[in-house]
Amino acid sequence: MRYHNITKDDMLNGDGLRVVLWVSGCSHCCKECHNPITWDPDGGITFDEKAKKELFEQLDKPYISGITFSGGDPLHAANRMEVRSLMAEIKEKYPNKTIWLYTGDVWENIFRSSIMQYIDVVVDGEFQADLKDPKLLWKGSKNQRVIDVQRSLQSENPGIPILHCNDYSSIS
């Protein structure tokens, strides 16, 4: 897996103060994407033990709510296995921290994936420039959904997503 950046004390990509891992590789290539530099799966730098240590040092801080995986797309074929492994390690080491994931894919295509067991919230769907709204909380376009993964998976019909309780349609 390769990545472009680790953002510390982030307040824009999930609930609370977070650390964000921006992975390389995305096949969605959304028009007007805010981060097209991350599309190339061979771009950025190799995610190594030094990068993992940097993430864990941030997660050790009591005021950090959790980690957000973004990019690129953490579910891109170049990332999926290493992201899943890293999430499993984070959930074991930091059971009270939340894991958020941004993907261009939609819930209906990913909810059966084994990686979902580690994720608290997914923001799904490709960014659509014609549905862009800067007042949206945690998402860039109106088609995207902020999904409570564990509640959705435990529901009677897991293929129908349950929105995160704090998925306000916009901020005032």
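Scope of this entry: the structure provided in the associated data block. (Residues numbered from 1 in each chain as written. Predicted model: local features only at pLDDT ≥ 70, side-chain atom pairs only at ≥ 80, totals over all residues. Heavy atoms only, no water.)

**Digging into the sheet that holds strand β1 (residues 2-10)**
Note the threshold: Should DSSP find at least two bridges between two strands, the strands are regarded as paired. Helix and strand assignments come from DSSP, with helices taken as H or I runs of at least 4 residues and strands as E runs of at least 2, each series counted from the N terminus.
Across the sheet, 7 strands lie side by side as β3-β1-β2-β4-β5-β6-β7; this open sheet has mixed pairing. Only two strands of the sheet have a single neighbouring strand rather than two, namely β3 (45-46) and β7 (145-148). Both β1 and β3 contribute to a ladder of 2 bridges, which runs antiparallel. For Tyr3, the partnering residue across the bridge sits in β3 and is Ile45.

**A short note on the environment of Val83**
Where we set the bar: Should any heavy atoms of two residues lie within 4.5 Å, those residues are considered in contact.
Position of Val83 relative to the elements: it lies in helix α2 (residues 80-93). When the C-alpha positions of Val83 and Glu49 are compared, they lie 14 Å apart, and in sequence the two are 34 residues distant. Filtering out sequence-adjacent residues up to four positions away, Val83 remains in contact with Met1, Val23, Phe69, Pro74 and Ile115.

**A short note on the environment of Gln154**
Inspection of the secondary structure assignment puts Gln154 in helix α4 (residues 149-154). Once the C-alpha coordinates of Gln154 and Gly25 are considered, the two residues, 129 residues apart in sequence, prove to be 30 Å apart.

**Section: the pattern of salt bridges**
The condition that has to hold: A pair is scored as a salt bridge if a Lys or Arg side-chain nitrogen falls within 4 Å of a carboxyl oxygen belonging to Asp or Glu. To sort residues, take the accessible area from a 1.4 Å probe on protein chains only and compare it with the maximum for the residue type: under 20% means buried, over 50% means exposed, and anything in between is partly exposed.
In the structure shown here, the tally under the stated rule is 7 salt bridges. Notably, a salt bridge pairs Glu49 with Lys52, separated by 3.8 Å at the nearest N-O pair. One end of the pair, Glu49, and the other, Lys52, are both in helix α1 (residues 49-59), 3 residues apart, so they sit about a helical turn from each other. Linking Asp124 and Arg145 is a salt bridge whose minimum nitrogen-to-oxygen distance equals 2.6 Å. In this pair, Asp124 is assigned in strand β6 (residues 121-124) and Arg145 in strand β7, connecting sequence segments 21 residues apart. Accessibility expressed as a relative area gives 0% for Asp124, which makes it buried. Among the ionic contacts, a cluster of salt bridges with common partners joins Glu49, Lys52 and Glu89.

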